[in-house]
Amino acid sequence: QVHMVESGGGLVQAGGSLRLSCQVSGLVPRYYAMAWFRQARGTEREFVAGISILGERTSYSDSAKGRFTISRDNGKSTVDLQMNSLKPEDTGVYLCAARGPYRDPSPSSDEYQHWGQGTQITVSS
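Analysis parameters
Residues numbered from 1 in each chain as written. Predicted model: local features only at pLDDT ≥ 70, side-chain atom pairs only at ≥ 80, totals over all residues. Heavy atoms only, no water. Helix = DSSP H or I, 4+ residues; strand = E, 2+ residues; numbered from the N terminus. Rg over C-alpha atoms; globule rule 2.2 N^0.38 Å. Contact = heavy atoms within 4.5 Å. Areas by Shrake-Rupley, 256 points an atom, 1.4 Å probe, with all protein chains shown as cover. Lys, Arg positive; Asp, Glu negative; His and termini not counted. Charge placed at Lys NZ, Arg CZ, Asp CG, Glu CD. Buried < 20%, exposed > 50% of the residue type's maximum accessible area, 1.4 Å probe, protein only. Polar contact = N/O pair within 3.5 Å; in protein donor to acceptor, adjacent residues only side chain to side chain. Disulfide = S-S within 2.5 Å. Phe/Tyr/Trp six-rings, centres within 6.5 Å; stacked < 30°, edge-to-face > 60°. Lys NZ or Arg CZ within 6 Å of the ring centre and 35° of its normal. Core = buried A, V, L, I, M, F, W, Y, C linked by side-chain atoms within 4.5 Å. Pairing = 2+ DSSP bridges. Axes fitted to C-alpha atoms, helices over the stretch in contact; angles between N-to-C directions.

Caption draft 1: The overall build of the protein chain, seen in detail. Assigned secondary structure in the protein chain consists of 0 helices and 11 strands. Seen in sequence order, the protein chain has helices and strands lined up from the N terminus as β-β-β-β-β-β-β-β-β-β-β. Taken against the 2.2 N^0.38 rule, which gives 14 Å for 125 residues, the C-alpha radius of gyration of the protein chain at 13 Å falls within 12% of a compact globule. C-alpha extents for the protein chain along the principal axes are approximately 40 × 25 × 25 Å. When contacts within the protein chain are restricted to residue pairs at least 6 apart in sequence, those whose partners lie at least 24 apart make up 60%. Per element, the accessible surface of the protein chain, about 6400 Å² overall, is 46% carbon and sulfur. Within the protein chain, one finds 13 positive and 12 negative side-chain charges whose respective centroids are separated by 4 Å.

Caption draft 2: Region of interest: the side chain of arginine 38. If you trace the backbone, arginine 38 turns up in strand β4 (residues 33-39). Judged by its relative accessible area of 7%, arginine 38 is buried. Within the structure, arginine 38 has its side chain in polar contact with the side chain of tyrosine 94 (distance 3.0 Å). If we ignore the near neighbours within four places in the chain, the residues touching arginine 38 are Glu44, Arg45, Glu46, Val48, Ser63, Glu89, Asp90, Thr91, Gly92, Val93 and Tyr94.

Caption draft 3: Examining the state of the cysteines more closely. Following the criterion strictly, the structure yields 1 disulfide and no others. Each disulfide pairs two cysteine sulfurs, and for cysteine 22 the partner residue is cysteine 96, the sulfurs being separated by 2.3 Å. Residues cysteine 22 and cysteine 96 are joined by a disulfide whose S-S torsion is about -90°; by sign, that bridge is left-handed. One end of the pair, cysteine 22, is in strand β3 (residues 18-25); the other, cysteine 96, is in strand β9 (residues 92-99), with 74 residues separating them in the sequence. For the pair cysteine 22 and cysteine 96, one class covers both residues: buried.

Caption draft 4: Here's a closer look at the packing of aromatic side chains. Counted by the stated rule, this structure contains 4 aromatic pairs. Taken together through their ring pairs, the aromatic side chains of Phe37, Phe47, Tyr112 and Trp115 make up a single cluster. The ring of tryptophan 115 has arginine 45 lying over it, and the distance from NZ or CZ to the ring centre is 4.2 Å. Cation over ring: arginine 99 sits above tyrosine 102, and NZ or CZ is 4.0 Å from the ring centre.

Caption draft 5: Broad picture of the nonpolar core. One finds Met34, Trp36, Val48, Phe68, Leu81, Met83 and Tyr94 to be the most contacted residues of the largest nonpolar core, which totals 25 residues. The set of elements that each furnish at least two residues to this core consists of β3, β4, β5 (46-51), β7 (68-73), β8 (78-83), β9 and β11 (119-124). Among residues more than four places away in sequence, those in contact with valine 48 are Trp36, Phe37, Arg38, Ser59, Tyr60, Ser61, Ala64, Phe68, Leu81 and Tyr94.

Caption draft 6: Local environment of the environment of proline 101. Looking at the element boundaries, proline 101 is found in the loop between β9 and β10 (114-115). For proline 101 and proline 29, which are 72 residues apart along the polypeptide, the C-alpha to C-alpha distance reads 9.7 Å.

Caption draft 7: Spatial organisation of the sheet that holds strand β1 (residues 3-7). Read across the sheet, 4 strands follow the order β1-β3-β8-β7 without closing on themselves; strand pairing throughout is antiparallel. Looking at strand neighbours, the two that pair on one side only are β1 and β7, the edges of this open sheet. On average, each strand axis in the sheet is tilted by 15° relative to the strand beside it, whichever way the strands run. With 6 bridges joining them, β3 and β8 adopt antiparallel strand pairing. Across the sheet, residue glutamine 23 finds its bridge partner in β8, namely threonine 78.

Put into structure tokens, the structure is as follows:
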């Protein structure tokens with residue numbers, strides 16, 4: 001059984017930083033592209049960042065580009081998201097997702113087979 005557990009969320013002021021981590025179990029990480037999505041209240045899941053199976057390629061939404069960095073450690077089965085220069089519009093539940101067996105991430109949430117429960121981030125102005 002696959003488990004994906006996010007951590008690192010919280011309340012932060014605009015301009016601040018947070019680092020999210022996703023601990024994965026029950027699957028072999030090197031066979032899965034990974035991604036982070038954001039879901040604000042009343043909206044659909046929105047792609048934030050993705051990383052290929054060995055971490056050699058990353059992709060970001062326009063809003064995340066230049067501020068967020070996704071990384072992974074297949075040995076530890078973790079995927080992290082470093083978030084800098086946070087803005088109020090970054091507020092939402094951040095979910096970790098796994099897409100396999102595919103080499104690269106996709107911006108479409110329908111392409112992912114496994115999801116975590118999410119961690120809440122609130123950015124105050």
